[in-house]
Amino acid sequence: ALPNDIILFDKNVEQFSRFDNDCLKEENIENAIKVSDVVFFSVKPQNMKEILAQISDLDIKNKLFISVCAGVSIKSIEDALGNVKVVRTMPNTPLLIGQGVTALCRNDRVSDEEFAFATSLFASSGYTTELKEDEINRITAITSSSPAYVYLFAKAMLVGAQNMGIDGENTLEMICKTIIGSANMILSDSRSVDELIRMVKSPNGTTERALNVFEQKGFIDIVSEAMKACADRADELSKLN
């Protein structure tokens, strides 16, 4: 879509300054909905009920609604708006640099052509996959919230480097490029993750010593527990919306 095909609405009009000047701006949500064929819900989950209530009386039956709101189920949108076409998505922040991962699902009113269109929008900025809706909350822990896990791991490595007296301007860059290279090797190499670990780890060597600490501290269990907590919170949000 061209910028002048896009209509922006936000209660806080200052948000408009973040977007292309050719995008159309609308300060009235009803007017924005009336002239749109495809409507994106990109609000905090706790604000969703208010938004849905504002547009429920409009003529919206032929519009395609695409939601990027965590924990907001398709059913909750249907309950508020009636028999409408809904695509629910779960993207992540690397979408902002064209390297995102987005999971999508839809209700049975969305045609294959409409779903392909919705998918193409996200595919233009990364990887996409179709899931069943009951998998979306769990995938939040795997793809949507997980960039923060990676950022935290990078921060931990940076702190570790600083504690060892290594605090150069390019230290964080080296850490990030190591993470990127390692991830790409997982994707491109035919060996399993365990085999790749063994490739780096020599018996009684430096890597083995480091991995022993991870094992003693329960690193895998910590990550697994954190992911479950994330998915549980997504379930809680679903019950609130």
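Refer to the structure presented above.
### Focus: the overall build of the protein chain
When helices and strands are counted, the protein chain shows ten helices and seven strands. A principal-axis box enclosing the C-alpha atoms of the protein chain has dimensions of 70 × 35 × 30 Å. For the protein chain, with 241 residues in total, the buried portion stands at 32%. Look at the contacts in the protein chain between residues 6 or more apart in sequence, and 55% of them connect residues 24 or more apart. When the accessible surface of the protein chain is split by element, carbon and sulfur atoms take 54% of a total near 15800 Å². Averaging the locations of the 25 positively and 35 negatively charged side chains of the protein chain gives two centres separated by 4 Å.

### Re helix H5 (residues 136-144)
Counted residue by residue, H5 has seven buried out of nine residues, so it is predominantly covered. For H5, the complete set of buried residues consists of Ile136, Asn137, Ile139, Thr140, Ala141, Thr143 and Ser144. In this fold, the buried residues of H5 make contact with strand E5 (85-90), strand E6 (100-106), helix H6 (146-163) and helix H10 (219-240).

### Section: the packing of H6 against helix H7 (residues 171-188)
In the contact formed by H6 and H7, the axes pass within 10 Å of each other and the chain directions differ by 135°. Comparing the axis directions of H6 and H7 gives the class oblique. Regarding H6 and H7, the two cross each other, and that crossing is right-handed. On H7, the residues that touch Val150, Phe153, Ala154, Met157, Leu158 and Ala161 of H6 are Thr171, Leu172, Ile175 and Ile179. In terms of residue class, the contact of H6 with H7 is made up of nine nonpolar, one polar and no charged.

### A closer look at unusual backbone geometry
Phi angles above zero are rare outside glycine, and Asn204 is one such case at about 60°. Tracing the chain through its elements places Asn204 in the loop between helix H8 (193-200) and helix H9 (206-216).

### As for the sheet that holds strand E7 (residues 126-130)
Read from one edge of the open sheet, five strands run E3-E4-E5-E6-E7, paired in mixed fashion. Looking at the sheet topology across the chains shown, the edges are occupied by strand E3 (38-41) and E7. On average, adjacent strands in this sheet sit at an angle of 25° to one another, irrespective of strand direction. Sheet contacts for helix H3 (residues 74-81): E3, strand E4 (64-67), E5 and E6; angle to E5, the most-contacted strand, approximately 145°. Helix H4 (residues 112-123) rests against E3, E4, E5, E6 and E7 of the sheet, and its axis sits at about 165° to E6.

### Thoughts on the packing of aromatic side chains
By convention here, two paired aromatic rings are described through the distance between centres and the angle between planes. On inspection of all chains with the given rule, the structure shows four aromatic pairs. Centre to centre, the rings of Phe214 and Phe219 are 4.9 Å apart; their planes meet at 50°, and the pair counts as tilted. On the accessibility criterion, Phe219 (33% relative accessible area) is partly exposed. Site record: aromatic cluster; members linked through ring pairs are Phe153, Phe214 and Phe219.

### Structural notes on the nonpolar core
Phe41, Ile55, Phe65, Ile77 and Leu81 are the most contacted members of the largest nonpolar core, which has 24 residues in total. Secondary-structure elements contributing two or more residues to this core are helix H1 (29-34), E3, helix H2 (48-55), H3, E5, E6 and H5. Not counting residues within four places of it along the chain, the set of residues in contact with Phe65 comprises Val39, Phe41, Ile55, Ile60, Leu81, Val84, Lys85, Val86 and Val87. By size, the runner-up hydrophobic cluster in this structure holds eight residues, among which are Leu64, Leu104, Val110 and Phe122.

### A short note on the environment of Cys176
Of note, Cys176 is situated in helix H7. By relative accessible area, Cys176 is classed as partly exposed at 32%. Between the C-alpha atom of Cys176 and that of Leu158, which follows or precedes it by 18 residues, the distance is 9.8 Å.

Criteria and thresholds
Residues numbered from 1 in each chain as written. Predicted model: local features only at pLDDT ≥ 70, side-chain atom pairs only at ≥ 80, totals over all residues. Heavy atoms only, no water. Helix = DSSP H or I, 4+ residues; strand = E, 2+ residues; numbered from the N terminus. Buried < 20%, exposed > 50% of the residue type's maximum accessible area, 1.4 Å probe, protein only. Contact = heavy atoms within 4.5 Å. Areas by Shrake-Rupley, 256 points an atom, 1.4 Å probe, with all protein chains shown as cover. Lys, Arg positive; Asp, Glu negative; His and termini not counted. Charge placed at Lys NZ, Arg CZ, Asp CG, Glu CD. Axes fitted to C-alpha atoms, helices over the stretch in contact; angles between N-to-C directions. Parallel < 35°, antiparallel > 145°, perpendicular 65-115°, else oblique. Left-handed = near helix turned anticlockwise from the far one by under 90°. Nonpolar A, V, L, I, M, F, W, Y, C, P; charged D, E, K, R; others polar. Pairing = 2+ DSSP bridges. Phe/Tyr/Trp six-rings, centres within 6.5 Å; stacked < 30°, edge-to-face > 60°. Core = buried A, V, L, I, M, F, W, Y, C linked by side-chain atoms within 4.5 Å.

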